[in-house]
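Secondary and tertiary structure notes
Here's the letter readout for the chains.
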Number of protein chains: 4
Amino acid sequence: MNNYQDIREEAYENNMQLPKLGLVLFTFGNVSVADRSKGVFAIKPSGVPYENLSPQNMVIVDFDGNTVEGDLRPSSDTKTHAVLYKHWDKIGGIVHTHSTYGTAWAQSQRAIPIYGTTHADHLTTDIPCAPPMDDHMIQGNYEYETGFQILNHFQEKGLNYEEIEMILVGNHAPFTWGKTGAKAVYNSAVLETVAKMALLTEQISPDAPRLKDSLIKKHFERKHGPDSYYGQS
Amino acid sequence: MNNYQDIREEAYENNMQLPKLGLVLFTFGNVSVADRSKGVFAIKPSGVPYENLSPQNMVIVDFDGNTVEGDLRPSSDTKTHAVLYKHWDKIGGIVHTHSTYGTAWAQSQRAIPIYGTTHADHLTTDIPCAPPMDDHMIQGNYEYETGFQILNHFQEKGLNYEEIEMILVGNHAPFTWGKTGAKAVYNSAVLETVAKMALLTEQISPDAPRLKDSLIKKHFERKHGPDSYYGQS
Amino acid sequence: MNNYQDIREEAYENNMQLPKLGLVLFTFGNVSVADRSKGVFAIKPSGVPYENLSPQNMVIVDFDGNTVEGDLRPSSDTKTHAVLYKHWDKIGGIVHTHSTYGTAWAQSQRAIPIYGTTHADHLTTDIPCAPPMDDHMIQGNYEYETGFQILNHFQEKGLNYEEIEMILVGNHAPFTWGKTGAKAVYNSAVLETVAKMALLTEQISPDAPRLKDSLIKKHFERKHGPDSYYGQS
Amino acid sequence: MNNYQDIREEAYENNMQLPKLGLVLFTFGNVSVADRSKGVFAIKPSGVPYENLSPQNMVIVDFDGNTVEGDLRPSSDTKTHAVLYKHWDKIGGIVHTHSTYGTAWAQSQRAIPIYGTTHADHLTTDIPCAPPMDDHMIQGNYEYETGFQILNHFQEKGLNYEEIEMILVGNHAPFTWGKTGAKAVYNSAVLETVAKMALLTEQISPDAPRLKDSLIKKHFERKHGPDSYYGQS
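Residues numbered from 1 in each chain as written. Chains lettered and ligands numbered in written order. Predicted model: local features only at pLDDT ≥ 70, side-chain atom pairs only at ≥ 80, totals over all residues. Heavy atoms only, no water.

**Structural notes on the environment of R110 of chain B**
Operational definition: Numbering of helices and strands runs from the N terminus; a helix is a DSSP stretch of H or I covering at least four residues, while a strand is a stretch of E covering at least two. Burial status follows relative accessibility: with a 1.4 Å probe on protein chains alone, a residue under 20% of its type maximum counts as buried, one over 50% as exposed, and anything between as partly exposed. Should any heavy atoms of two residues lie within 4.5 Å, those residues are counted as being in contact.
Among the structural elements, R110 of chain B can be located in the loop between α3 (100–108) and α4 (117–120). On the basis of relative accessibility, which here comes to 25%, the residue R110 of chain B falls in the partly exposed class. For the pair R110 of chain B and L168 of chain B, spaced 58 residues apart in sequence, the C-alpha to C-alpha distance is 8.6 Å. The residues touching R110 of chain B, leaving out its near neighbours within four places in the chain, are W105, C129, L168 and E202 of chain B together with I204 and S205 of chain C.

Laid out in structure tokens, this is it:
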């Protein structure tokens, strides 16, 4: 059981952030963390309350969704994680939650418009919303197809998963990712906050304009461009 | 006082979950837990603050609403609990709260539309809303009739109480139930979260469509069907 | 300083409930408690943070608003409290807050419609909203006139202060009262919850009907009528 | 490192208030505190989590935005602070947050209407909202120009920064200030509360009137006029 100790601990620590950040009720969420050198990821076991989690009960799964190590059944969303790891080779962590405001936007089947700099500090486009899947995908290998629904939506819209680290799946809920599990968790909290601000913005002014391009560019580059000056280098 | 110790403790523990989950203000809620082998249930005493509860001051009541053991008066909603236990013989716990979003939907006299998978993970229909009672029922044995209002609404709509473990009573507030007190409490928290998400969904998109049948079926079966794969078997 | 020790402690304890119940930001609220045998009340000193309060720094004031004992200046709302104690001789405690939802209704200058049983458990009418005062009252002895604005609104509408223990003052914020300071604090929390539920109810269904008379009567009598059966007798 | 110890500690303490007051997620905010006798201010380092802050890692910056002492890079908003300190010589502390409701109003590009006394206790006008900057200002020295956008908006509208200690920057978020860092933090919390109440007010009554002049004047003078009687003199 000493294999994969690093990703077990990292997955455990990051899963425990979800209730602390107010992003999950009961077990409605999960974090995974990948070890690309070994071709596996550690993920929360299915339906186990957060207070019973430990590094040791994280489940180790390969990028085809097969359990490699662990006595418990992995999260029911495991195949979605596997598909994303397999096809997007720069991501090291994935988070799925049913956070309240993010989920409400997903249920509304609307992308979240970019209304301000809080949003633009993190991505330069609306937060995308993939449409609900076709019935044959739902009836088939559902979680596996959910991963492809995300991949396909990025491809169709010409989006770059290294720049846009989050999506809503229509009628369902948010998925986020990043180079590490910690970054993916961070993105989940950002998405929830931006989702709440966007709804409030529309309530205050139904005709609120989207952020203009110059401000989008400026804020994103402050944090992410070659001359970024946010944070400590 | 050693009789009924199991359901006293179970009712106490589950009542104490209500303030922790943010579902009650002051004493606006109650949980009961049944022992079907003895034909009784344990319920919160009326109007006693949560910080003063103990297993020993839970009141033991039979399925006709008569106090069997206990010095305190049982919850004013006791007869509603009794009616449900008497007629629905598979339930082991009942919860009543005035949780904020659930109560707002009840006051609006609308069933909560099924807008997403968070909802579909728990039930395959809208969360039903029984209409307010007729005046003669209100003026009569009110809490007893509240139980029948719930039973009748399930019968009229052809709903199955083992599949749909929650209801709103119009102008009043939610009731939930389950095989155990813990499941009934869980359902109360789910109802409150789903109620909030549904309102937000309508605010984001007033024309948001209900979840399509294929997704309803898929999500429910993930958790509840014969081939369920959520949680640990 | 041993005089008035009972009401000093009672006022202190009840003031400390306001931040615990989420009803105040900083010092935006105050509780007073009366000793009718001595014709005085104890009230929070003005602008002192809750963490610096103690029974000893409560200020003792008579029913004309004159300080009887205490080194600090009493709450700027003291004269409003004095007027209510002087004219309504059955009340023993008063609370003023700027709680978020109650204040929003006051700013809207609307009475809070009675939409459900949570409301009816506490009063049988809408929560009244006194109109903003005339300019000459504002420019004169403002806090003193605020008390009369409340008294006059009850008189004009034929309301009974022993049955309806709360009011909104238009453009301003809620006042509540009761036989004790604890009851007045309880009423402040009830008002805030009912205010939030009423707004959500209108958002879910703009045409939501007011609660029908039979239900109003039933719920109020469960808690307050001669045959009340809520709580322990 | 013993220079500037007072403002280091004051800036540290006030930065730590932001998460306690619920005004920031992660590092989305910063407080600075000035020492006018030395012509410098202490400000949060950029992108450092609140739990890792200490008085010693605050950065000391002059009023032209040049770092005077400190190993870390100062907040990315430092130049905005510098411009305000340089041109408004009575302010001793500045706060920038992305607090939820304040930011939603900024995104809506609307000033926050003065709807009640909670607002009037702090300022006598709507909370101003500067328009988004022109593209050439954004593309140039952005944070420096943000400071001028604030200064210019006050000048154009004839506003007095000693009376109105807060502004929204359109599409961005709030800035507040005051004679001390503590007052600037206080103003940030007031702005967030007033912003939430104003939105709720419009939801309850879309035609809610602004507060009338006599009440605006009265409430402001209670706290701030020559005959103020709020707080302890």
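**Focus: the relation of the copies chain A and chain B**
Selection criterion: Here the copies were fitted onto each other by least squares, based on C-alpha atoms from residues at pLDDT of at least 70 in both.
Least-squares fitting of chain A to chain B yields an RMSD of 0.0 Å, with the superposition described by an axial translation of 0.0 Å and a rotation of 90°. Viewed as a symmetry operation, the transformation between the two copies matches a four-fold axis. Considering only C-alpha atoms, the part of chain A nearest the rotation axis is Q203 of chain A, at 5.9 Å.

**Digging into the arrangement of the chains**
Contact between chain A and chain C is absent, and the minimum C-alpha spacing across the pair is 12 Å. The least C-alpha distance between chain B and chain D, which are not in contact, is 12 Å.

**Thoughts on the interface of chain A and chain B**
Keep this limit in mind: Once two parts are put together, the accessible area they lose, assessed with a 1.4 Å probe and summed over both, is termed the buried area. Salt bridges are identified by distance alone: a Lys or Arg side-chain nitrogen within 4 Å of an Asp or Glu carboxyl oxygen.
Opposite the 37 residues of chain A that make contact, chain B presents 35 residues. Between chain A and chain B lies a buried interface of about 3000 Å² when both sides are counted; carbon and sulfur atoms form 56% of it. At the junction of chain A with chain B, the criterion picks out 3 salt bridges. Across the pair R222 of chain B and E143 of chain A runs a salt bridge, and its minimum N-O distance is 2.5 Å.

**With respect to the sheet that holds strand β6 (residues 129–130) of chain A**
Within a sheet, neighbouring strands are paired by backbone hydrogen bonds and run either parallel or antiparallel to one another. Test applied: When DSSP finds two or more bridges between a pair of strands, those strands are recorded as paired.
Taken together, the 8 strands give an open sheet; going across it, the order is β4-β3-β2-β1-β5-β8-β7-β6 (chain A), and neighbouring strands pair in mixed fashion. The open sheet has two edge strands, β4 (67–69) and β6 of chain A, and neither has a second partner.

**Thoughts on the pattern of salt bridges**
Residues and elements named next belong to chain A. Tallied over the entire structure, the rule returns 40 salt bridges over all chains. K86 is the salt-bridge partner of D64, the closest N and O atoms lying 2.4 Å from each other. Linking D64 in the loop between β3 (59–62) and β4 with K86 in helix α2 (residues 78–87), this pair joins segments that are 22 residues apart in sequence. For D64, a relative accessible area of 48% puts it in the partly exposed group. Relative accessible area serves as the criterion here: at 46%, K86 is assigned to the partly exposed category.

**Topic: the side chain of H98 of chain D**
Keep this limit in mind: Here a polar contact means two N or O atoms within 3.5 Å. Within protein one must be a hydrogen donor candidate and the other an acceptor candidate, and residues neighboring in sequence count only if both atoms are side-chain atoms.
Assignment of secondary structure puts H98 of chain D in the loop between β5 (93–97) and α3 (100–108). H98 of chain D sits in the buried class, given a relative accessible area of 10%. Within polar-contact distance, the side chain of H98 of chain D engages the side chain of T118 of chain A at 2.8 Å. Setting aside chain neighbours within four positions, we find H98 of chain D in contact with T117, T118, D121 and M197 of chain A together with L23, F28, T103, H172 and A173 of chain D.

**Describing the sheet that holds strand β2 (residues 40–43) of chain B**
Residues and elements named next belong to chain B. What counts here: Axis definition: a line fit to C-alpha positions, over the contact stretch in the case of helices; interaxial angles, taken between N-to-C directions, run 0 to 180 degrees.
Read from one edge to the other, the open sheet built from 8 strands follows the order β4-β3-β2-β1-β5-β8-β7-β6, with strand pairing classed as mixed. Only two strands of the sheet have a single partner each, and these edge strands are β4 (67–69) and β6 (129–130). As paired elements, β2 and strand β3 (residues 59–62) share 4 bridges and run antiparallel to each other. In the sheet register, F41 faces β3, and the bridge partner there is V61. Helix-sheet contacts for helix α6 (residues 142–157) involve β6, β7 (166–169) and β8 (174–178), and the interaxial angle to β7 is about 120°.

**So, the pairing of strand β1 (residues 29–35) of chain C**
Walk down a regular strand and you will see the side chains alternate between the two sheet faces. Residue and element names in this part refer to chain C. Judged by how many residues are buried, β1 sits mostly within the fold: 7 of 7 residues are covered. Here β1 shows two buried faces, one formed by G29, V31, V33 and D35 and the other by N30, S32 and A34. Inspection of the sheet shows β1 paired to strand β5 (residues 93–97) by 5 bridges, in the antiparallel sense. Bridging across to β5, V33 finds its partner in G93. Relative to strand β2 (residues 40–43), β1 runs antiparallel, the two being bridged by 4 bridges. Along β2, the bridge assignment pairs V33 with A42. Connecting β1 to the next strand, β2, in antiparallel fashion are 4 residues, including G39 with a positive phi near 65°.

**Considering helix α7 (residues 181–204) of chain B**
Put simply, the rule reads: One less than the residue count of a helix, multiplied by 1.5 Å, gives the span that helix is expected to have.
Between its first and last C-alpha, α7 of chain B extends 35 Å over 24 residues, near the 34 Å set by a 1.5 Å rise per residue. By the criterion of burial, α7 of chain B is predominantly enclosed, with 20 of the 24 residues buried.

**Brief notes about the interface of chain D and chain A**
Contact with chain D, which involves 37 residues of that partner, is made by 35 residues of chain A. For the pair chain D and chain A, the summed buried area comes to about 3000 Å², and 56% of that belongs to carbon and sulfur atoms. At the junction of chain D and chain A, the tally comes to 3 salt bridges. Among the salt bridges present, the one from D77 of chain D reaches R222 of chain A, with a minimum N-O distance of 3.5 Å. Viewed at the interface, chain A and chain D are joined by 22 residue pairs in polar contact (both at pLDDT 80 or more). Secondary-structure elements contributing two or more residues to the side of chain D that touches chain A are α3, α5 (135–139), α6 (142–157) and α7 (181–204) of chain D.

**Points about unusual backbone geometry**
With a phi angle near 60°, Q109 of chain A is a residue other than glycine that sits in the positive phi range. Following the sequence through the fold, Q109 of chain A ends up in the loop between α3 (100–108) and α4 (117–120). Judged by relative accessible area, Q109 of chain A falls into the partly exposed class, the value being 31%. Phi at N171 of chain D is positive, roughly 70°, even though this residue is not glycine. Tracing the backbone shows N171 of chain D in the loop between β7 (166–169) and β8 (174–178).

**A closer look at the UniProt feature "domain: Class II aldolase/adducin N-terminal" (unreviewed entry) in chain A**
Filter applied, for reference: UniProt positions are given in the numbering used here, feature names are shortened, and annotations may be inferred rather than shown by experiment.
Under the feature "domain: Class II aldolase/adducin N-terminal" (unreviewed entry), the UniProt entry names residues 9–199 of chain A. From the first C-alpha to the last, residues 9–199 of chain A spans 36 Å; its make-up is 39% helix and 18% strand.

**A short note on the packing of aromatic side chains**
Applicable threshold: In summary, the pairing rule links any two rings of Phe, Tyr or Trp, Trp by its six-membered ring, whose centres are within 6.5 Å, and it sorts them by plane angle into stacked for under 30 degrees, edge-to-face for over 60 and tilted for everything else. Sitting over a ring, as applied to charges here, requires NZ of Lys or CZ of Arg to be within 6 Å of the ring centre and within 35 degrees of the ring normal.
By the definition in use, this model includes 44 aromatic pairs over all chains. Through a chain of ring-to-ring contacts, three or more aromatic side chains come together here, namely W88, F154, Y161 and W177 of chain A. Over the ring of Y50 of chain C we find K44 of chain C; its NZ or CZ atom is 5.1 Å from the centre of that ring.

**With respect to the side chain of E202 of chain A**
Looking at where E202 of chain A falls in the secondary structure, it is placed in helix α7 (residues 181–204). A residue is classified by how much of its surface remains accessible, and E202 of chain A, at 14% relative accessible area, is buried. There is a polar contact of 2.9 Å between the side chain of E202 of chain A and the side chain of R110 of chain A. Leave out the neighbours within four places in its chain, and E202 of chain A touches W105, R110, P113 and Y115 of chain A together with I204 of chain B.

**Some remarks on the relation of the copies chain D and chain A**
Applying a rotation about an axis and a shift along it to one chain copy brings it onto the other copy. After a rotation of 90° and a shift along the axis of 0.0 Å, chain D superposes on chain A with an RMSD of 0.0 Å. The residues that chain D uses at the interface reappear at the interface of chain A in only 3% of cases, marking distinct surfaces.

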